[in-house]
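Take a look at the letters that make up each chain.
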Amino acid sequence: MHGIIKPHSADALVERQHWSEKLRVWSWRNKWFLAIVVVPTLLAALYYYIVAADQYQSEAHFIVRTADASPMPTSGFSQFLGLGGGMSPSRGEAMSVNDYLDSQQVVNRIDDKLNLVERFRRPEADIATRLWFSQPTPEMLLRYYRRQVNVKYNQETGITTLQVRAFRPSDSFAIINELLALGEGRVNEINRRSQTDQLASARRQLAEAEQGLLAIQSKMTSFRQARGDLDPEGSGKAQIGLVTTLEGQLTNARAQLNAMKGIIAPSSPQYVATLARVRALEAQVAGQSGKLTAGGSAIAARLGNYQDLQIRQQFAAKRYEVAAANLEKARDAAMKQQLYIVRVVDPNMPVKSEFPKRGEILLTIFLSLLVAYGIGWLLAAGVREHSL
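Criteria and cut-off values
Residues numbered from 1 in each chain as written. Predicted model: local features only at pLDDT ≥ 70, side-chain atom pairs only at ≥ 80, totals over all residues. Heavy atoms only, no water. Helix = DSSP H or I, 4+ residues; strand = E, 2+ residues; numbered from the N terminus. Buried < 20%, exposed > 50% of the residue type's maximum accessible area, 1.4 Å probe, protein only. Salt bridge = Lys/Arg side-chain N within 4 Å of Asp/Glu carboxyl O. Pairing = 2+ DSSP bridges. Contact = heavy atoms within 4.5 Å. Polar contact = N/O pair within 3.5 Å; in protein donor to acceptor, adjacent residues only side chain to side chain.

Undergrad: Tell me about unusual backbone geometry, and please be specific about residues and values.
TA: In this structure, Asn115 takes a positive phi of about 60° despite not being glycine. With respect to the element layout, Asn115 can be found in the loop between α5 (104-114) and α6 (116-119). Residue Asn115 is classed as partly exposed on the basis of its relative accessible area of 34%.

Undergrad: Can you break down the pattern of salt bridges residue by residue, with the values?
TA: For the coordinates displayed, the defined rule picks out ten salt bridges. Between Glu184 and Arg343 there is a salt bridge, with the nearest N and O atoms lying 3.4 Å from each other. Here Arg343 lies in strand β4 (residues 339-345) and Glu184 lies in helix α8 (residues 169-227), a separation of 159 residues in the sequence. On the accessibility criterion, Arg343 (32% relative accessible area) is partly exposed. The residue Arg186 makes a salt bridge to Glu189 at a minimum N-O spacing of 3.8 Å. Of this pair, Arg186 and Glu189 both sit in helix α8, three residues apart, roughly one helical turn. Judged by its relative accessible area of 24%, Glu189 falls in the partly exposed class. Connected via shared salt-bridge partners are Glu118, Arg119, Arg122 and Asp171.

Undergrad: Give a description of the pairing of strand β3 (residues 159-166) that names residues and reports values.
TA: Taken across its eight residues, β3 has six buried, putting it largely inside the fold. Bridge count between strand β1 (residues 56-66) and β3: eight bridges; the pairing is antiparallel. The residue bridging Ser58 from the neighbouring strand is Val164, located in β3. Where strand β2 (residues 149-153) lies against β3, five bridges are found, and the strand directions are antiparallel. Looking at the pairing, Tyr153 lines up with Thr160 of β3. Between β2 and the antiparallel strand that follows it, β3, lie five residues; Gly158 among them carries a positive phi value of about 80°.

Undergrad: How would you summarise the environment of Ala166 if you had to cite specific residues and measurements?
TA: With respect to the element layout, Ala166 can be found in strand β3. In this structure Ala166 comes out as buried when scored by relative accessible area, which is 0%. Measuring from C-alpha to C-alpha, the distance between Ala166 and Tyr56 comes to 5.5 Å, with 110 residues separating the pair along the chain. Other than its neighbours up to four places away in sequence, Ala166 contacts Asp54, Gln55, Tyr56, Gln148, Asp171 and Ser172.

Undergrad: So what about the side chain of Asp171? Which residues, and what values?
TA: Here Asp171 lies in helix α8. Overall, the relative accessible area of 1% leaves Asp171 in the buried class. Reaching out from Asp171, the side chain makes a polar contact with the side chain of Arg119 at a distance of 2.6 Å. Not counting residues up to four positions away in its chain, the partners in contact with Asp171 are Arg119, Arg122 and Ala166.

Here's what the structure looks like:
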């Protein structure tokens, strides 16, 4: 008997049914693996490779330094390599600038100038990563801004890394340049405040010293005008010199008169003339000495008042000199503490999209789900084993 020959199409149908049955059985046996690992990974791949929009990142590096920034000792890997530099002493100011760049104030200023909402809602942006609302609250805009803008400070080198992501290269480039401009503006504002605080006290002390010096100078001028004497100290010295001269002449005259006694008769014209000269000199010495010491208008009293004014003038002048020197020192200190931003790396205009990192994200999702599935499988196997 001849065997029955089946049609070729029937064989193919049977073969397809066989493979579909095997696939169905395999799928049923591995349904949890498919549901927990494969399907979510495929959905994520579908989103990231078809739906997710490209994002372009611009990056810049800068450091905040002072005019007299002396490097601090390095540590870690930089010290091992023998690299100089180290952390800048202006770390606090750098951190304040970084905090400012991550603040609501900066978001509001950039939004007013560059319209952040429009740049974060570009038509090419996908619904999951774009800014959802056309009129977001300030807090919502800040949260989204912090997703797109990253400010990182390196504790060891003192370098701040600024990264900005956007859906267009020109947007990320414009935003990062505006952030750098705002950072420099903040540094200038800190400098102005620091100079104002440091110099205000020194300038106030100088003004007080100047007013005191002018006041004592005015008193000395009034004293000279009231006494009618341009140089009371010189006049006093001249008066003392005159009295000293007269006393010398009186001493000589008295000595001459004593020498005449016993030699020349008191009625002698020469003796009478010498005696008259002695009495005249005594009168002059008494009169000139009276000008020095007698009465409130005496030269001694006037000279004492004038010397008191001179001492006050010298003290005021010294105080003014010290205040002026302190002001110069304050200016020098303010200049040495002057902050400025050094751009280590200028912002770049991105050309190629680097975000989202699709391969890395999918691999992370797959491995995470695989680990979760493995843990769940082990737990389930343990439960089944104990239930038997």
